Amino acid sequence: MGLTSRSLFYTVVFVAVVCVGLTLWLWPRLSGRGVLPVLGRLGAIVVTQLTIMSSVLLAVNSANSFYGSWGELIGKYDRSPGEVTQITENGGANAAPVDAGKGGLVRSTGTEGIDKSDIPQGPKDKVGTLESVRLVARRAGVMEPAFVYLPPQYYQEQYKRQRFPVIIAISGYPGGITNLAHFLKVPKTASDLIGERRMQPTVIVMVRPTIAPPRDTECVDVPGGPQSETYFTKDLPEAVKSAYRVGHEASAWGVMGYSSGGTCALELAMRQPGTYPVAGALSADYKIKNDLTTGNLFGDGEAGEKNKREHDLLWRLENLPAPRVSVLVTSSKEGEKNYKETEKFLKAVKEPMTAAKIILPSGSHNFTTWRREIGPTLEWMSKQMTFPQDVNN
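Anyway, here's the lowdown on the structure attached to this text. (Residues numbered from 1 in each chain as written. Predicted model: local features only at pLDDT ≥ 70, side-chain atom pairs only at ≥ 80, totals over all residues. Heavy atoms only, no water.)

The secondary structure content of the protein amounts to 12 helices and 10 strands. Buried residues in the protein amount to 50% of all 393 residues. In the form shown here, the protein has an accessible surface area of approximately 18700 Å², with 55% of it arising from carbon and sulfur atoms. (Helix = DSSP H or I, 4+ residues; strand = E, 2+ residues; numbered from the N terminus. Buried < 20%, exposed > 50% of the residue type's maximum accessible area, 1.4 Å probe, protein only. Areas by Shrake-Rupley, 256 points an atom, 1.4 Å probe, with all protein chains shown as cover.)

Structure (structure tokens):
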């Protein structure tokens, strides 16, 4: 029986119930003094507790997909990178200091939150660097933490007037930007790919998916509430362009993320293709729903229902013109709950939208899986984005 199978869960629950019943029935017989009765009582307690805890842990794992197989549980799993499969023809083309002034939109926070192990080791002009900053959002009215990876070319003399493409990387909820740097290893992966010339030099801005923690804002402009979509599509690009040598044309911009960050990436690209025409979504959902962490994201009444429908990406593909964007989605045949929905989404894609996929044979909703997908995703995105022709004057 598979680790996430219902038959295993029901069997363990049944065994737990039997153990509780047997403990209650045998307890009077084990109430005597002496070594054997004491050992019997201890054994009954231990076995009962183990079966109950096993039931709970299986339920938690099934709900959150921490481990998708017995191999993953014991540390035996495939570490090889996923392979990108293009579903439709590709429609894409192939040092300035941070402004830390009082009125700047990007403000340096030194090395706040950065672990030395997350930084590519070596000279800046050889491996790039990682900066910790705060992004000032004038429209959304927030100041958000971010890590900014600058490629080695950013510091090289021959590129001193050159602008660079940008990828916005969004973490899952409730994780933060440290997950992108430390667990997903975005800066190191990008540095390696650029060094191997498998990815063009790219600035990567790492952010979290919510702008009103602990509420999960899901990159949605909430009526009367946090303006998360506005932050990602207007404030964030404005801030990054104000402080770094990055491309000003949309063709140089992409967005990616994992889990709820992947959902955000797809939503932002399909709803705002003029800002993010390229998206990479690792283990994403294809519609946004209200839950205990989000509260009411869409508003009430007819307007709220319309808003909710428009955040259902399958509904958009069926009822609205497809946007001119290129997207990559990932899933696993075993271990990921979004596999069937991913297949539905890919079948629904129509021109001028293009799609690619990474489908692993097995892999759970965790960083072990996403680390297999992040390199191929960055490499694929880089091929869809144009290197800016505009130069810094």
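Now, onward.
With that settled, consider the state of the cysteines. This model, assessed by the stated rule, comprises 1 disulfide. Each sulfur of the disulfide joining Cys-219 and Cys-264 lies 2.1 Å from the other. Negative torsions about the S-S bond denote left-handed disulfides, and the value of about 105° found for Cys-219 with Cys-264 makes this one right-handed. One end of the pair, Cys-219, is in the loop between strand 6 (203-207) and helix 7 (228-243); the other, Cys-264, is in helix 8 (residues 260-271), and 45 residues separate them in sequence. With respect to class, Cys-219 is no different from Cys-264; both count as buried. (Disulfide = S-S within 2.5 Å.)

Our next topic: the side chain of Ser-55. Among the secondary structure elements, Ser-55 is positioned in helix 2 (residues 35-64). In terms of polar contacts, Ser-55 uses its side chain to reach the backbone carbonyl oxygen of Thr-51, at 2.9 Å. The residues touching Ser-55, leaving out its near neighbours within four places in the chain, are Phe-9, Val-12, Val-13 and Ala-16. (Polar contact = N/O pair within 3.5 Å; in protein donor to acceptor, adjacent residues only side chain to side chain. Contact = heavy atoms within 4.5 Å.)

Ranked by size, the top nonpolar core spans 55 residues in total, and within it Leu-135, Ile-168, Val-205, Val-207, Tyr-231, Tyr-244 and Phe-345 carry the most contacts. Not counting the four nearest positions on each side in its chain, Phe-345 is found in contact with Leu-266, Met-270, Tyr-286, Leu-313, Leu-314, Leu-317, Val-327, Val-329 and Met-353. (Core = buried A, V, L, I, M, F, W, Y, C linked by side-chain atoms within 4.5 Å.)

Moving on, we get to the side chain of Thr-354. Its location among the elements puts Thr-354 in strand 10 (residues 354-362). Only 2.9 Å separates the side chain of Thr-354 from the side chain of Ser-326, close enough to count as a polar contact.

Okay, the pairing of strand 9 (residues 326-334) next. Of all 9 residues in strand 9, 7 are buried; the element is thus mostly enclosed. Bridge analysis of strand 8 (residues 278-282) against strand 9 gives 5 bridges, and the strand direction is parallel. From the neighbouring strand, Val-278 faces strand 9, where its bridge partner is Ser-326. Note: strand 9 against strand 10, 8 bridges, orientation parallel. Bridging from a neighbouring strand, Ser-332 pairs with Leu-360 of strand 10. In the classification by handedness, the crossover that spans strand 9, the intervening helix 11 (residues 339-348) and the parallel strand 10 is right-handed. (Pairing = 2+ DSSP bridges. Right-handed = clockwise from strand over helix to strand, strands pointing away.)

Attention now goes to the pattern of salt bridges. Per the counting criterion, the structure on display carries 13 salt bridges. We note a salt bridge from Glu-238 to Arg-139, for which the minimum N-O separation is 3.4 Å. With Glu-238 in helix 7 and Arg-139 in the loop between strand 3 (129-137) and strand 4 (142-150), the pair connects residues that are 99 residues apart, well separated along the chain. Between Arg-198 and Glu-379 there is a salt bridge, and its shortest N-O distance comes to 3.1 Å. Of the two residues, Arg-198 sits in the loop between helix 6 (186-195) and strand 6 while Glu-379 sits in helix 12 (residues 367-384), which places them 181 residues apart along the sequence. Several salt bridges converge on common partners, so that one network encompasses Arg-138, Arg-139, Asp-235 and Glu-238. (Salt bridge = Lys/Arg side-chain N within 4 Å of Asp/Glu carboxyl O.)

The next subject is the packing of helix 6 against helix 12. Relative orientation of the contacting elements helix 6 and helix 12 amounts to 55°, with a least axis distance of 10 Å. As far as their axial angle goes, helix 12 and helix 6 are oblique. Relative to helix 12, helix 6 is oriented so that their crossing is right-handed. Residues Val-186, Thr-189, Ala-190 and Leu-193 of helix 6 lie in contact with helix 12, whose contacting residues are Ile-374, Gly-375, Leu-378 and Glu-379. Residues belonging to the contact of helix 6 with helix 12 are distributed by class as follows: 5 nonpolar, 2 polar and 1 charged. (Axes fitted to C-alpha atoms, helices over the stretch in contact; angles between N-to-C directions. Parallel < 35°, antiparallel > 145°, perpendicular 65-115°, else oblique. Left-handed = near helix turned anticlockwise from the far one by under 90°. Nonpolar A, V, L, I, M, F, W, Y, C, P; charged D, E, K, R; others polar.)

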